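So you can see what is in the structure, the chains are spelled out below.
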There are 2 protein chains.
Amino acid sequence: MEKICGACRVLIRNQLASSYVRAVIRSQHSGPSTFSLRTHSCGELRNSHVGKEVTLCGWIQHRRYDFMLTLRDSFGTTQVVLKEQIGKDVDNIRNLSAESVVMVTGKVQLRPDGLANKKMSTGDIEVVADQFEILNNSKESLPFEIHDFSKVKESTRMLYRYLDLRSTRMQHNMRQRSDVAMKMRHFLWKLHGFVEVETPTLFRRTPGGAREYLVPTRQPGKFYTLPQSPQQFKQLLMVGAIDRYFQIARCYRDEGSRSDRQPEFTQVDIEMSFINKEGIQALIEELLQYAWPDNLPSIHLPFPRMTYAQAMDQFGTDKPDTRFDMKLQDVTRELKDSGVAVFSSTEGNDAFVIKVFKCSKGMNYLKRKDYEDLQKEAVKLKDGGVTFIQIKDTDSWKSSISKHLRSEARENLGKAMKVNPGDVLCLAAGKPDSVNSLLGQMRLACANRLEANGASVRDHGSFHFLWVEDFPLFLPKEDGQDGELESSHHPFTAPVDEHKELIMTQPSQVHGQHYDLVLDGSEIAGGSIRIHDAKLQKHVLQNILNEDASSMQHLLEALESGCPPHGGIAIGFDRLIAILAGEPSIREVIAFPKTIDGNDLMSGAPSLLYNDELAVYHIRHDIRDATK
Amino acid sequence: MEKICGACRVLIRNQLASSYVRAVIRSQHSGPSTFSLRTHSCGELRNSHVGKEVTLCGWIQHRRYDFMLTLRDSFGTTQVVLKEQIGKDVDNIRNLSAESVVMVTGKVQLRPDGLANKKMSTGDIEVVADQFEILNNSKESLPFEIHDFSKVKESTRMLYRYLDLRSTRMQHNMRQRSDVAMKMRHFLWKLHGFVEVETPTLFRRTPGGAREYLVPTRQPGKFYTLPQSPQQFKQLLMVGAIDRYFQIARCYRDEGSRSDRQPEFTQVDIEMSFINKEGIQALIEELLQYAWPDNLPSIHLPFPRMTYAQAMDQFGTDKPDTRFDMKLQDVTRELKDSGVAVFSSTEGNDAFVIKVFKCSKGMNYLKRKDYEDLQKEAVKLKDGGVTFIQIKDTDSWKSSISKHLRSEARENLGKAMKVNPGDVLCLAAGKPDSVNSLLGQMRLACANRLEANGASVRDHGSFHFLWVEDFPLFLPKEDGQDGELESSHHPFTAPVDEHKELIMTQPSQVHGQHYDLVLDGSEIAGGSIRIHDAKLQKHVLQNILNEDASSMQHLLEALESGCPPHGGIAIGFDRLIAILAGEPSIREVIAFPKTIDGNDLMSGAPSLLYNDELAVYHIRHDIRDATK
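1. A few points about the overall build of chain A
Scanning chain A from N- to C-terminus turns up 18 helices and 24 strands. Out of the 628 residues in chain A, the part that is buried amounts to 59%. Long-range contacts, defined as pairs at least 24 residues apart, comprise 65% of the intrachain contacts of chain A with a sequence gap of at least 6. As presented, chain A carries roughly 26300 Å² of accessible surface, and 47% of it is formed by carbon and sulfur atoms.

2. Things to note about the relation of the copies chain B and chain A
For the pair chain B and chain A, the superposition axis carries a translation of 0.0 Å, the fit reaches an RMSD of 0.1 Å, and the rotation angle comes to 180°. What we have between these two chains is a two-fold relation. Scanning chain B for the C-alpha nearest the rotation axis identifies V215 of chain B, at a separation of 2.6 Å. Most of the interface of chain B is mirrored in chain A: 100% of its interface residues are interface residues there too.

3. With respect to the domain arrangement of chain A
Taken domain by domain, chain A holds domain 1 (31-136) and domain 2 (324-452). Computed over C-alpha atoms, the centres of domain 1 of chain A and domain 2 of chain A are 62 Å apart.

4. Quick word on the pairing of strand β17 (residues 465-469) of chain A
Residue and element names in this part refer to chain A. Within β17, 5 of the 5 residues are buried, which leaves it mostly tucked inside the rest of the structure. Here β17 shows a buried face lined by F465, W467 and E469 and a second buried face lined by L466 and V468. For strand β11 (residues 305-307) and β17, the ladder comprises 3 bridges, and the chain directions are parallel. By the bridge assignment, T307 is partnered in β17 with E469. Across 5 bridges, the pairing between β17 and strand β20 (residues 514-519) is antiparallel.

5. Examining the sheet that holds strand β13 (residues 353-359) of chain B
Residues and elements named next belong to chain B. The strand order across the open sheet formed by 5 strands is β12-β13-β16-β14-β15, and the pairing between neighbours is antiparallel. Every other strand in the sheet has two partners, leaving β12 (329-330) and β15 (397-399) as the edge strands with one partner each. In this structure, β12 lies alongside β13, joined through 2 bridges in antiparallel fashion. Counted as the bridge partner of D330 is K355 from β13. Lying over the sheet, helix α13 (residues 432-452) contacts β13, β14 (387-391) and β16 (424-430), oriented at roughly 10° with respect to β13.

6. Some remarks on the sheet that holds strand β1 (residues 53-64) of chain A
All names here are of chain A. With mixed pairing, the 5 strands of this closed barrel are ordered in space as β1-β2-β3-β5-β4. Within this sheet the neighbouring strands show an average axis-to-axis angle of 55°, counted without direction. Bridge count between strand β4 (residues 101-110) and strand β5 (residues 125-136): 10 bridges; the pairing is antiparallel. Bridge assignment links G106 to a residue of β5, and that residue is A129.

7. A word on the packing of aromatic side chains
A complete count under the given rule lists 26 aromatic pairs over all chains for this structure. Measuring from ring centre to ring centre gives 5.2 Å for Y371 of chain A and F388 of chain A, while their planes differ by 65°; the resulting arrangement is edge-to-face. Linking Y371 of chain A in helix α11 (residues 368-381) with F388 of chain A in strand β14 (residues 387-391), this pair joins segments that are 17 residues apart in sequence. For the pair Y371 of chain A and F388 of chain A, a shared accessibility class is recorded, and that class is buried. On the basis of an interplanar angle of 85° and a centroid distance of 6.3 Å, the ring pair of Y160 of chain B and Y162 of chain B is categorised as edge-to-face. Each member of the pair, Y160 of chain B together with Y162 of chain B, is buried.

8. Here's the deal with the interface of chain B and chain A
The partner chain A presents 154 residues to the 153 residues of chain B that form the contact. Carbon and sulfur atoms make up 56% of the area that chain B and chain A hide from each other, which totals about 13200 Å². Counting the contacts that link chain B with chain A gives 14 salt bridges. Close ionic contact of E198 of chain B with R177 of chain A constitutes a salt bridge, the shortest N to O distance being 2.8 Å. Connecting chain B to chain A are 77 residue pairs in polar contact (both at pLDDT 80 or more). When residues in the side of chain B that touches chain A are grouped by element, the largest group, 13 residues, is from helix α7 (residues 168-191) of chain B. The residue makeup of the side of chain B that touches chain A, split by class, is 73 nonpolar, 43 polar and 37 charged.

9. With respect to the nonpolar core
Grouped together as the largest cluster of nonpolar side chains are 59 residues, with contacts concentrated most on M184, I270, I284 and F465 of chain A. If sequence neighbours within four positions are ignored, F465 of chain A has contacts with L288, W292, I299, F303, P304, L517, V518, L519 and I524 of chain A. Judged by nonpolar contacts, the second largest core, of 58 residues, contains I275, L283, L296 and L473 of chain B.

10. A short note on helix α8 (residues 231-239) of chain B
Counted residue by residue, α8 of chain B has 9 buried out of 9 residues, so it is predominantly covered. Looking only at α8 of chain B, the buried set comprises Q231, Q232, F233, K234, Q235, L236, L237, M238 and V239 of chain B. In this structure, the buried side of α8 of chain B is in contact with β1 and α6 (161-164) of chain A together with β9 (244-252), β10 (264-273), α16 (553-559) and β22 (566-572) of chain B. Residue A241 of chain B follows α8 of chain B closely and has a positive phi angle near 70°.

11. Points about the pattern of salt bridges
Counted by the stated rule, this structure contains 86 salt bridges over all chains. For E588 of chain A, the salt bridge identified is with R169 of chain A, shortest N-O distance 3.4 Å. Remark: R169 of chain A occurs in helix α7 (residues 168-191) and E588 of chain A occurs in the loop between α17 (573-580) and β23 (607-608); sequence separation between them is 419 residues. Exposure remark for R169 of chain A: the relative accessible area of 28% places this residue in the partly exposed category. Residue E212 of chain B pairs with R205 of chain B through a salt bridge whose shortest N-O separation is 3.3 Å. Here E212 of chain B matches R205 of chain B in class, with each residue buried.

12. Quick notes on helix α12 (residues 407-416) of chain A
All names here are of chain A. Looking at α12, one finds that the buried residues are A409, L413 and G414. Summarising the axial view, the buried residues of α12 lie within an arc of 130°, below the 170-degree limit, and thus occupy one face. Exposed side of α12, more than 90 degrees from the buried face: E408, E411 and K415 are the residues found there. Residues of α12 that are buried sit in contact with β13 (353-359), β14, β15 (397-399) and β16 (424-430). K418 sits one or two positions beyond α12 and adopts a positive phi of about 45°.

13. Quick notes on the packing of α7 of chain B against helix α17 (residues 573-580) of chain B
Residues and elements named next belong to chain B. Contact geometry of α7 with α17 gives a least axis separation of 10 Å together with a crossing angle of 120°. In terms of orientation, α7 lies oblique with respect to α17. Along this stretch, α7 crosses α17, giving a crossing that reads as right-handed. Listed contacts from α17 to Q176, R177, V180, A181 and M184 of α7 are F573, D574, L576, I577 and L580.

14. Considerations on the side chain of H566 of chain B
Residues and elements named next belong to chain B. In this fold, H566 is placed in strand β22. Classification of H566 as buried rests on a relative accessible area of 1%. Here P564 takes part through its backbone oxygen, which lies 2.9 Å from a polar atom of the side chain of H566. Apart from the residues within four sequence positions on either side, H566 is in contact with Q235, M238, E271, M272, S273, I275, I529, R530, I531 and H532.

15. A few points about the environment of L555 of chain A
Residues and elements named next belong to chain A. With respect to the element layout, L555 can be found in helix α16 (residues 553-559). Overall, the relative accessible area of 1% leaves L555 in the buried class. In this structure, the C-alpha to C-alpha distance between L555 and Q232, residues 323 residues apart in sequence, is 7.4 Å. Aside from chain neighbours lying at most four places away, what touches L555 is Q235, L236 and F492.

Rules behind the numbers
Every chain begins its residue count from 1, and numbering advances along the sequence as written. Working convention: letters from A go to chains and numbers from 1 go to ligands, in the order in which they are written. Local features in this predicted model are restricted to residues whose pLDDT is 70 or higher, and side-chain atom pairs enter the listing and the counts only when it is 80 or higher, whereas totals over whole chains, interfaces and linings include all residues. Note that water and hydrogens are dropped before the side-chain values are worked out from all heavy atoms of the structure. Helix and strand definitions here come from DSSP, where helices need a minimum of 4 consecutive H or I residues and strands a minimum of 2 consecutive E residues; each element is numbered from the N-terminal end. Only protein chains enter the accessibility calculation, which uses a 1.4 Å probe; a residue whose area is less than 20% of its type maximum is buried, one above 50% is exposed, and one in between is partly exposed. Residue contacts are defined here by distance: any two heavy atoms, one from each residue, within 4.5 Å place the two residues in contact. Note that accessible areas follow from Shrake-Rupley with a 1.4 Å probe, and for residues the cover is restricted to the protein chains shown. In this comparison the copies share one frame, found by least squares on the C-alpha atoms of residues holding pLDDT of at least 70 in both. Residue ranges assigned to each domain were obtained from an automatic or database domain assignment. Pairing between two strands requires that DSSP report at least two bridges joining them. For helices, the fitted line uses only the C-alpha atoms of the stretch in contact; every axis is such a line through C-alpha atoms, and the angle between N-to-C directions lies from 0 to 180 degrees. Ring pairs shown here join Phe, Tyr and Trp side chains whose ring centres sit within 6.5 Å, with only the six-membered ring taken for Trp; geometry is labelled stacked below 30 degrees between planes, edge-to-face above 60, and tilted in between. Buried area is understood as the total, over both parts, of accessible area removed when two parts are fitted together, assessed with a 1.4 Å probe. Every case where a carboxyl oxygen of Asp or Glu lies within 4 Å of a side-chain nitrogen of Lys or Arg is listed as a salt bridge. Here a polar contact is taken to be a pair of N or O atoms separated by no more than 3.5 Å, where protein atoms must pair a possible hydrogen donor with a possible acceptor and residues adjacent in sequence count only if both atoms sit in side chains. Following the grouping adopted for this structure description, the nonpolar residues are Ala, Val, Leu, Ile, Met, Phe, Trp, Tyr, Cys and Pro, the charged ones are Asp, Glu, Lys and Arg, and the polar ones are all others, Gly among them. Residues belong to a common nonpolar core when they are buried Ala, Val, Leu, Ile, Met, Phe, Trp, Tyr or Cys residues joined through side-chain atoms within 4.5 Å. By arc we mean the arc of the directions from the helix axis to the C-beta atoms, nothing more. When an angle is under 35 degrees it counts as roughly parallel; over 145 it counts as roughly antiparallel; between 65 and 115 it counts as roughly perpendicular; any other value is oblique. Crossings are classed by handedness, with left-handed meaning an anticlockwise turn of the near helix from the far one by less than a right angle and right-handed meaning a clockwise turn.

Printed below as a string of structure tokens:
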């Protein structure tokens, strides 16, 4: 008995000769049918199984006549033909709704000549069943049919998520997510000596933690918070000599309603001691290559790199979509004497630029309505919006500015942008930051519009990774007073080595050892080398950020207790999986997501509570109709 | 460049010839030093490395003279001898505190004749360093020394958990925990086709959810709750055809202060469709065997089984510690005419038993004070406590009852219990439930006392698993009225097949398809086959438990939408790991545990919040000194 398999032991132990036991006898010793009532899934039977007796369990997808069923499970569908003696039970079978759950046992046989279905992976065979058991009836009319779910609106899918999950699409998404996570863990743990550590999710309010959910406790006035990331804990693990940490960690962020964010989300959280930026980047590249799904085009290492300054200059964003070109170009010099009023600076030269991007052959796809819509969008983003120029011919440019544009300026611009007939230019002028931001967004909007109209813009056949690095360590504080700074990422990021002096005197000029990983225009990971020097960390918190460092005392003490140099990264797992699955929203790769208002339509979370239920936590609310 | 290793790519990319890069060049291509500044850990150098140039990073454990260091990291310690030219930097080295972090590069050499340290795994060699870099100083006096931490009181260890984690004990516990989790995942995912699904932790209040933490939301009066387990979601996944689900899930329970519980804890959560009890049990047995740490005695399958009735009868508990015998025996018949007043029933026969267990050779270990203490404990548990009998000789029994005990009764009892001189009997009489419970607890107390006094009672050399099954499905409701029932586990557990009729008429007599796994007297897993029939589930919720089923509407609807038969189990992961590590408390296997009052001493969680910070959640507290 020592080392026999579980399926056999089930048999030995099970003293009742039930159909369960008979099924278990025939079950396989590894794979998706071990320990189970079925011997095979509905997706695996082939010619080679002909003659075998099998037991299948699954949902009734279709029923034809009184004796033919298409049985479905997570792995596929199989055609089942019921033998005559079962046929006698015809009333039960006739009354069986679609989506009822049944178990059949019988022999695999080839389908009769000419009836094989080449579109179906099990289409060569059928199971001729001599045993048939209804495991559970389904009610007659379900809110939607499983194979038809793409026509169903999202809120209905969410309300009946347990049905929605049966669809091929959701089955694929859930299983791919699990596979990628497991391969990542294996790479980190087995191949590279990482330790998985579960860090607390009941934590304390951190400085600036306005988006942290609260959890009242039985201690009057005291609250836990649900952390936005395990940042502090993973750094403390480095101090604690867990020198390679990872966790696929649940994180929380209360942002009210924002499109495609979830109150709880998942990140692949990584931290290492004795590491530099290049080491972390190489690790992540290999991790992604290792965990990459086999059904997708393979990815190539190393990933390209770009500085923050370059990204803003060429793409107008710190997460450039590099699946297509249409880069921003500075044409201030070319247009300095253009004759066009909006291209004339009213300010000092440094604070004024004219930039442009080109939609090659754009005229073939963009119509008048498109320009109008795009212009409306642009005006919302910045006063004055953008200027479109349609290059009808070398000498014939159609634009709102064409009658003012001097021919020399036109020639300069045409040369700089290497224009050809049919191209469309999109220009904007003003302060560099706002021009970059405007054109960065218009670049994406134009690409979307061109693709919607049938143009081929993005390279959708492969995945485009990009490291963006060399970020400023601090940015002017939003709504802050002049000179006030805030961390561009978080207060634990180390300055680049060359700026270790500068941070004492001119922090706004300092660059940080931060790096973001961008995939197809979405930020999918961000990390940094951290500050391991207690004095520097205190300087950043107190002198630069003006934070009350008292709630960080444990971290500061830890840094002066033998803290190794360390750094890390966190991968936004939901977003990564959504991109791999080709899904527009992370809701499609989360088993039970919430709406953008934070509601779980299926279970009705969150729910109304009465004040007497809150009393143990020393809190009350003033909602009248919720008070008993 | 396509498929070279990460360490090499770091080198290629890193254009500055820093010490970092030199270290990376030498780093290995797999194992715990990839992508890192070190080439080896401090635990791996052996004779075979002699002559190699290596870079080590670590903490200074000891410093002898100005040139010898013992360098420590998570993997071990290595002796380092600094070369003369570094010795010049003697001031820095002299001032270096223990626990400072350094990096050294040099050649591995054999220690001089006679100086090898056989107790140290790296004791044959030393590293002669020609490069030495202080990565971070540690402050002079830390709260405790790492190798001495066993003398430190727990609250100090918790306050400085980042130091505590450096100890050999905590390193072992954290790494073993990670290893077991990863092997479990591999077994489930890779070998048996399970899908890992992350279920929400922001859920809604469930019936009877008094121990659920609340999370206020921006919707007035509405709260999420943190679930005690993913029970509902995993059942809904079965309805959704994710037919084999697992998750190493974070769960939450607000129990106020209870010894050795944590507000958040981890369970290995498993659910399968098309399965029976035996299948789940076989799966779990093989899972544990697969994930079992190599350094522990191996475990043998199958695990023994016992009914709930048998466990209560023989061990007085539903989680018997089967590492030792001392079973309870019924001696009502033997003592019915004993002449001893406390052994005479004042009630009907059914409701009165006399039971006993035997401590073989107990007289060699138990002293007068022990009997007194044990008796005090017993009296606290039940009026009248227990009766001890010391078998001095066949005819000479020492006991408070010996002068009343008739010789025939004594002979009967001696025969039934096969007493030998030196044995101790422990008896109690009364209602069966209270006698079982009392003697069950006294059995453990006596075993502890015997062991404390030097007796060998438990088999500490191996692990004793036990399945307890065939539980009653319902129990009389605590503080309930006559006839009111509550679920003995949870309302989703299916009755045994034989009781499918009985549940309609006499629910209190019904047994459930529930099973608990006990290890060395601790419950480490519990699960059941679930109800998949909507009508039966509604009957249980409404007619038997008198619950408001409206908050369960989604589950009831799911059951009638084609729900497969299914069942599952959850392993208490913290407890399992604590037993494997031989730790008395789960706090020793959790990286950042909370005290029994729910406080994180290191970070100060939970923390006081002011009412203006709560306003966005429409709640307020009435704690005066917390109000701004």
